[in-house]
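Residue strings, one per chain:
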Amino acid sequence: MPVNIRGRSFLTLLDYTPSEIRYLLDLAKEFKRMKRNGVPHRYLENKNIVLLFEKTSTRTRCSFQVAGSDLGMGVTYLDPGSSQMGKKESIADTARVLGRMYDGIEYRGYEQKTVEDLAKYSGVPVWNGLTDQFHPTQMLSDLLTMEEKFGRLQGLRFTYMGDARNNMGNSLMIACAKMGLHFTACAPKQLFPAPELVAKAQAIAAENHGSVHLTEDVSEGTKDADVIYTDIWVSMGEPEAVWEERIRLLRPYQVNAAAMGNAKPTAIFMHCLPSFHDTKTTIGAEIAEKFGITEMEVTDEVFESSQSVVFDEAENRMHTIKAVIYATLC
Ligand code: CP
Ligand code: NVA
């Protein structure tokens, strides 16, 4: 069946079929090939997009910025403090103003409802650059990276270790279910994804010959995995006070040599980044000082190993975001 997603928003992978995701991945591969070969692709000249960030970003912001510029578009960036949105102007009013000026809107912030409202009121495609609940553009990059490494997605054994109910845990569970992977969340019970979302993901996985499984047992969770994935233990927007409990809960779920050793010898390590794998960041140094640990969700050894594909993932953010912008605007 032909795929056409022109005019659609990209808010969560729950809204997209496996064929539509496949289409976006194939398009991203084509954009990557063009970029690598220096083939110009200014297909969206005369269009303009705006990037709204209520949280900080390196990869997502730069990906939208470079993708927009490669496609020949005008790109406006609004940082957390520099628009009226939310403080002096409602989301609905902001959306109606931006929709009059721009062809598409990227939003990174807190509630999923905000990005949904932007889409509802702006009348133009809205792309979710991360909310507390979901991070769908990251998913395309992760799927593309796995496909590049293994030549397939279907049937891969994927283990996510850490805070399994944050935006990454939720989104990876859905992405794997849509594309027929065997997803395991390996986490303490308190940090399992919400039961309703798990049920939804299990139903989706069943349709696509995949599965969704939750376990607290690290040895069971990492056994024969093709992919081990983790994310920071405390996400943007969470209070500093949660660090102590999160470290206590998640220390056994650190991705280290033992976890990788229990996976397949061909296994890869993935992380959306940024990552606390040493003390070379302000927060990393503060945590080391306060709690006496120098590595958190992943050891420096694993992060820097040949199994680690984290910088391929980071690059693929740009190619996949370009595909989303192009497919929804063109
Ligand atoms: N992975 C990711 O979204 O990175 P940024 O927070 O730097 O955008
Ligand atoms: N869970 C992390 C993802 C960062 C890309 C956060 O929300 O901070």
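Our structure's up above, just so we're on the same page.
Now for a look at the structure at hand. Throughout this document, residue positions are counted from 1 along each chain, in the order its sequence is written. Whichever chain is written first is A, and whichever ligand is written first is 1; the rest continue in order. The predicted nature of this model means local features are confined to residues of pLDDT at least 70 and side-chain atom pairs, given and counted, to a pLDDT of 80 or more, with totals for whole chains, interfaces and linings taken over all residues. Calculation of side-chain values draws on the structure's entire complement of heavy atoms; hydrogens and water are dropped beforehand.

**Describing the pairing of strand β9 (residues 268-271)**
Categorising residues by exposure relies on relative accessible area from a 1.4 Å probe, with only protein chains included: less than 20% of the type maximum marks a residue as buried, more than 50% marks it as exposed, and the intermediate range marks it as partly exposed. Counting from the N terminus, the helices are DSSP H or I runs at least four residues long and the strands are E runs at least two residues long. Both faces of β9 are covered, namely the face carrying I268 and M270 and the face carrying F269 and H271. Strand pairing is defined by DSSP finding a minimum of two bridges between the two strands. Where strand β8 (residues 227-230) meets β9, four bridges bridge the pair, whose relative direction is parallel. Paired with I228 across the two strands is F269, which belongs to β9.

**Some points on the site of ligand 1**
What makes a residue near a molecule or strand is one non-hydrogen atom of that residue sitting within 4 Å of it. If you check the shell around ligand 1, you find S57, T58, R59, T60, R108, H135, Q138, C272, L273 and R317 and nothing else. Contacts described as polar in this section are N or O atom pairs within 3.5 Å, which, within protein, must combine one atom able to donate a hydrogen with one able to accept it, while residues neighboring in sequence count only if both atoms come from side chains. With respect to ligand 1, the side chain of R59 contributes an N or O atom lying 2.8 Å from an oxygen atom. Every accessible area reported is derived by Shrake-Rupley at a probe size of 1.4 Å, with residue values counting cover from the shown protein chains alone. Protein burial of ligand 1: of its 260 Å² of free accessible surface, 96% is covered by the chains. Throughout this entry, Asp, Glu, Lys and Arg are counted as charged residues, while Ala, Val, Leu, Ile, Met, Phe, Trp, Tyr, Cys and Pro are counted as nonpolar. The remaining residues, Gly among them, count as polar. When the residues that make up the shell around ligand 1 are grouped by side-chain class, the tally is two nonpolar, five polar and three charged.

**Looking at the site of ligand 2**
The environment of ligand 2 is made up of L130, H135, N166, N167, D231, I232, S235, M236, C272 and L273. In the complex, 97% of the free accessible area of ligand 2, which totals 270 Å², lies under the protein chains. Split by residue class, the shell around ligand 2 holds five nonpolar, four polar and one charged.

**Regarding the pattern of salt bridges**
Definition used for salt bridges: Asp or Glu carboxyl oxygen within 4 Å of a side-chain nitrogen of Lys or Arg. Counting across every chain of the model gives 24 salt bridges. Across the pair D26 and K29 runs a salt bridge, and its minimum N-O distance is 3.8 Å. Taken as a pair, D26 and K29 lie in helix α1 (residues 18-36) at a separation of three residues, close to a single helical turn. D26 sits in the partly exposed class, given a relative accessible area of 36%. For K29, a relative accessible area of 35% puts it in the partly exposed group. With a closest N to O distance of 2.8 Å, E148 and K32 form a salt bridge. Pair noted here: E148 is in helix α5 (residues 136-150) and K32 is in helix α1, with a separation of 116 residues, a long-range link. Among the charged side chains, a network of salt bridges with common partners joins R22, D26, K29 and E147.

**Considering the pairing of strand β5 (residues 157-161)**
The buried count for β5 comes to four of five residues, which makes it a mostly enclosed element. Every crossover in which the path from the first strand over the helix to the second runs clockwise, viewed with the strands pointing away from the viewer, is termed right-handed. Handedness of the crossover joining β5 and strand β6 (residues 182-186) through helix α6 (residues 167-178) is recorded here as right-handed. Across four bridges, β5 lies against β8 in parallel orientation. Residue pairing in the sheet places Y160 in a bridge with Y229 of β8.

**Focus on the side chain of T137**
Tracing the sequence through the fold places T137 in helix α5. When residues no more than four places from it in sequence are discounted, the contact partners of T137 are F10, F64, N128, R317, T320 and I321. Between two residues, a contact is recorded if the distance between any of their heavy atoms is within 4.5 Å.

**Side note on the sheet that holds strand β3 (residues 104-108)**
Spatially, four strands are ordered β2-β1-β3-β4 in an open sheet, and the strand pairing comes out parallel. Pairing within the sheet leaves two strands with one partner each, and these edge strands are β2 (74-78) and β4 (126-128). Neighbouring strand axes in the sheet, compared pairwise and without regard to direction, differ in orientation by 20° on average. Throughout, an axis means a line fitted to C-alpha atoms (over the contacting stretch in the case of helices), and angles, computed between N-to-C directions, take values from 0 to 180 degrees. Along the sheet, helix α4 (residues 112-122) makes contact with β1 (48-53), β3 and β4, crossing β4 at roughly 170°.

**Looking at the packing of helix α3 (residues 91-101) against α4**
α4 packs onto α3 with a crossing angle of 50° between their chain directions and a minimal axis gap of 8 Å. As far as their axial angle goes, α4 and α3 are oblique. The handedness of the crossing between α3 and α4 is right-handed. Mapping the contact onto sequence places I91, A92, A95, R96 and G99 in α3 and T114, D117, L118, Y121 and S122 in α4. Roughly parallel means an angle under 35 degrees; roughly antiparallel means over 145; roughly perpendicular covers 65 to 115; every other angle is labelled oblique. By definition, turning the near helix anticlockwise from the far helix through less than a right angle yields a left-handed crossing, and turning it clockwise yields a right-handed one.

The values are spatial; any link to function lies outside them.
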